[in-house]
Amino acid sequence: MMQHQPIASPESFTTERLCQRMLERHRDVIRVQKDHLAVRKLVKIVTAALDLSSRLGFHAMSLRDLSRESGVSMGGLYSYFDSKTTLLSMILTEVGVTATEVLGQAPADVRADPRRHLDWLIDTHIRLTEVMQPWFVFAFMEAKAFPQPARKMAVDSEEATEKIFAEALRLGAGRGLFQAGNPELTAALIKPLLQDWYVKRAKYRRRGIAIGDYVAAVSAFVSAALGDRPAVQP
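Novice: What should I look at first to understand the pattern of salt bridges in this one?
Specialist: It is possible for side chains bearing opposite charge to pair when their charged atoms get close. Counting across every chain of the model gives 14 salt bridges. Between Glu130 and Arg201 there is a salt bridge, with the nearest N and O atoms lying 3.0 Å from each other. Of this pair, Glu130 sits in helix H7 (residues 114-131) while Arg201 sits in helix H11 (residues 201-206), placing them 71 residues apart in sequence. With a relative accessible area of 31%, Glu130 lands in the partly exposed category. Here the salt bridges share partners, and the residues they tie into one network are Arg21, Arg25, Glu94 and Glu101.

Novice: Looking at this structure, I do not really get the packing of aromatic side chains. What am I missing?
Specialist: By convention here, two paired aromatic rings are described through the distance between centres and the angle between planes. The full count for this structure, using the stated rule, is six aromatic pairs. Positioned above the aromatic ring of Phe13 is the side chain of Arg17, whose terminal nitrogen or guanidinium carbon lies 4.3 Å from the ring centre. The ring of Phe58 carries the charged tip of Lys84 above its face, separated from the ring centre by 5.0 Å.

Cut-off values and rules
Residues numbered from 1 in each chain as written. Predicted model: local features only at pLDDT ≥ 70, side-chain atom pairs only at ≥ 80, totals over all residues. Heavy atoms only, no water. Salt bridge = Lys/Arg side-chain N within 4 Å of Asp/Glu carboxyl O. Helix = DSSP H or I, 4+ residues; strand = E, 2+ residues; numbered from the N terminus. Buried < 20%, exposed > 50% of the residue type's maximum accessible area, 1.4 Å probe, protein only. Phe/Tyr/Trp six-rings, centres within 6.5 Å; stacked < 30°, edge-to-face > 60°. Lys NZ or Arg CZ within 6 Å of the ring centre and 35° of its normal.

Now the structure itself:
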């Protein structure tokens, strides 16, 4: 059985790696014994599901559509999940868990400085969604049509990432570095700036805005909004 890989940089979360993690997480559902074959098919299935969802919507997508698009037989699909709802849960779980794991791995020296930590969170979140763009777009665009359990998963995932931002904001406000009287609300207001990068990616591509420029612009905007102050010297 495969072991969980250590958390790494956002750029390392390729579709193949995410599907490896999906296999580890759902061994009770996936009935394919050879890991390399299971991961290869999962990549085809998930890629096709995300593509079809962007064109048709997940609710409108049928398993027959998915079979045709992925090249995996209907019987083969049932070796990986028993229903569309299970597949939906598998994808959403990977999005939510990966986001909270990656955002929670800030180095100790970064975490100790609220301003550096906040900049690191903004940079890391945007770069992760760049790599996982189809996954995050799926979770964002399809959320309203999700059945209630899946909708709750999406909401819980969003709240978990906001909580990580709120903790950095709370620490900075406590040290007099930020004007963030309500860290939870401030974190919620930052979230749309992060989402805009992956939801409206084509707009920024047309305007020639590179990811580094977007990261810098969001960090500067948030810093100005927080009234970022110099640290008080002892």
